Amino acid sequence: MIILGPNRYGKAETRVVRVTRHGDAHHIKDLNVSTSLSGDMAEVHLSGDNSAVLATDTQKNTVHAFAKKHGVGAIEDFALLLARHFVDSQPTVHHARVAVEEYAWERNGDFGHSFARSGRETRTCVAHYDGFQAWVVSGLTGLVVLNTTNSEFWGYIKDEYTTLPETRDRILATAVNASWRHAATDGAAFDKSYENARQALLSAFGGTYSLSLQQTLYAMGSRVLNDCPEICEVRLSLPNRHHFLVDLSPFGLDNDDEVYFAADRPYGLIEGAVVRDDAPGAGPAWE
């Protein structure tokens, strides 16, 4: 017997730039929004009956219309607004997932209307809503950090294929990809929470004397939970951006930890989660 399994559909990567003008001072919100809906959708798969389907083009239009009607504040609030609309307005839609990426812009000098694309990380969120309950995961990608010292790596397993030398002093660098789950969504101050969590990640990375990137990952996740009581779980993915000392001896030069080769691949990938022991159930939050 063949049956239809879990399914969803939506509009991926709707780009929307919202400009807010306060006199000569303008503000930009630059977003990439992806929506996914599920519910009473069996017949569209089994017989091609589209009567339960909210077209993906309509989802795109809704994103643009809501950016105009409601403005864009914290991306989590915008994602929840969209998710609740799709479920509450359509009887065949039982669950909505809205993912948002936000790209930062900085003011170009003192000009109120001129901006330069920021080199900061990309802010992210995913919101789920099923008609009764909401879940929000916030995060960031591409937060590039580097420590020039206070990092070691030694004592690991060695076999016939091991060539990596132990080190008591190395550069530790990574591009942090982090996501954190909010224990509740009602009354959440998402912008403040984001800045606090970001600062916790940076402080833990810079302030941890690292014997392994795994140790640093745990310190970073723990700092977020300690500093942000509204967050109950942190998931981190840390690609190890290796920096190798260059052998300058063929040129008659010493290299006293000064000149490195930055290798972009292959790279070690360290991943893990740090969770409060009383965290509420995650439901579909990580899906």
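Fair warning: this is a prediction, and the values are worked out from it, not measured in the lab.

K.L.:
Can you walk me through the overall build of the protein in this structure?
P.N.:
When its secondary structure is counted, the protein shows 5 helices and 12 strands. Reported as C-alpha extents along the three principal axes, the dimensions of the protein are approximately 75 × 65 × 40 Å. Across the 287 residues of the protein, 41% fall into the buried class. Counting every atom, the protein has about 15900 Å² of accessible surface; 51% of that belongs to carbon and sulfur. Here the protein contributes 26 positive and 37 negative side-chain charges, whose respective centroids are spaced 7 Å apart.

K.L.:
Mind showing me how you'd approach the pattern of salt bridges here?
P.N.:
Two side chains with opposite charge may pair up if their charged atoms get near one another. Overall, the coordinates contain 12 salt bridges when judged by the stated rule. Here Arg15 makes a salt bridge to Asp30, at a shortest N to O gap of 2.7 Å. Pair noted here: Arg15 is in strand S1 (residues 9-22) and Asp30 is in strand S2 (residues 25-39), with a separation of 15 residues, a long-range link. Across the pair Glu102 and Lys29 runs a salt bridge whose closest N-O atoms are separated by 3.1 Å. Of this pair, Glu102 sits in strand S3 (residues 93-103) while Lys29 sits in strand S2; the two residues are 73 residues apart in sequence, bridging distant segments of the chain. In this pair, the class of Glu102 matches that of Lys29, namely buried. The network of salt bridges with common partners includes Arg120, Glu121, Glu195 and Arg198.

K.L.:
Even after reading the chapter, I still don't get the nonpolar core, so can you show me in this structure?
P.N.:
Buried together is how nonpolar side chains tend to be arranged in soluble globular proteins. Formed by 30 residues in total, the largest nonpolar core has its most connected members in Leu31, Val33, Phe78, Leu82, Val98 and Val100. Sorting the residues of this core by element identifies S2, helix H2 (56-70), helix H3 (75-89), S3, strand S6 (122-129) and strand S7 (134-147) as the ones contributing at least two each. Counting residues per element, this core draws most heavily on H3, which supplies 8 residues. Each residue touching Val98, except ones within four places of it in the same chain, is listed here: Val33, Ser34, Thr35, Ala79, Leu82, Ala83, Cys125, Val126 and Ala127. In this structure, Ala197, Ala200, Phe205 and Cys228 belong to the second largest nonpolar core, which totals 25 residues.

K.L.:
Sorry if this is basic, but what is going on with the UniProt feature "binding site: O2" (unreviewed entry) in the protein here?
P.N.:
What UniProt calls "binding site: O2" (unreviewed entry) maps, in this numbering, to Thr56 and Asn240. Across 185 residues of sequence, these annotated residues are also dispersed in space, with a maximum C-alpha separation of 38.1 Å. Counting through the fold element by element, Thr56 comes out in helix H2. The class of Thr56 is partly exposed, set by a relative accessible area of 25%. In contact with Thr56, not counting residues within four places along its chain, are Tyr9, Gly10 and Lys11. Checked against the element boundaries, Asn240 lands in strand S9 (residues 231-240).

K.L.:
Before we go on, may I ask you to explain H3 in this structure?
P.N.:
Since the α-helix turns once every 3.6 residues, residues separated by three or four places project in the same direction. Over its 15 residues, H3 extends 21 Å from the first C-alpha to the last, a length consistent with the 21 Å expected when each residue adds 1.5 Å. For H3, the full list of buried residues reads Ile75, Glu76, Phe78, Ala79, Leu80, Leu82, Ala83, Phe86 and Val87. Its buried side turned inward, H3 meets S2, H2, S3, S6, S7 and helix H4 (190-207).

K.L.:
Would you mind going over the UniProt feature "active site" (unreviewed entry) in the protein with me for this structure?
P.N.:
The sites that carry the UniProt feature "active site" (unreviewed entry) are, in the present numbering, Lys11, Thr56 and His242. The greatest C-alpha distance among the annotated residues, which extend across 232 residues, is 42.1 Å, indicating that they are dispersed rather than converging on a single site. Tracing the backbone shows Lys11 in strand S1. Here Lys11 falls in the partly exposed class, since its relative accessible area comes to 25%. The contact partners of Lys11, leaving out residues within four places of it in the chain, are Val33, Ser34, Thr35, Thr56, Asp57, Gln59 and Lys60.

Cut-offs applied
Residues numbered from 1 in each chain as written. Predicted model: local features only at pLDDT ≥ 70, side-chain atom pairs only at ≥ 80, totals over all residues. Heavy atoms only, no water. Helix = DSSP H or I, 4+ residues; strand = E, 2+ residues; numbered from the N terminus. Buried < 20%, exposed > 50% of the residue type's maximum accessible area, 1.4 Å probe, protein only. Areas by Shrake-Rupley, 256 points an atom, 1.4 Å probe, with all protein chains shown as cover. Lys, Arg positive; Asp, Glu negative; His and termini not counted. Charge placed at Lys NZ, Arg CZ, Asp CG, Glu CD. Salt bridge = Lys/Arg side-chain N within 4 Å of Asp/Glu carboxyl O. Core = buried A, V, L, I, M, F, W, Y, C linked by side-chain atoms within 4.5 Å. Contact = heavy atoms within 4.5 Å. UniProt positions renumbered as here; feature names shortened; annotations may be inferred. Expected span 1.5 Å × (residues − 1).

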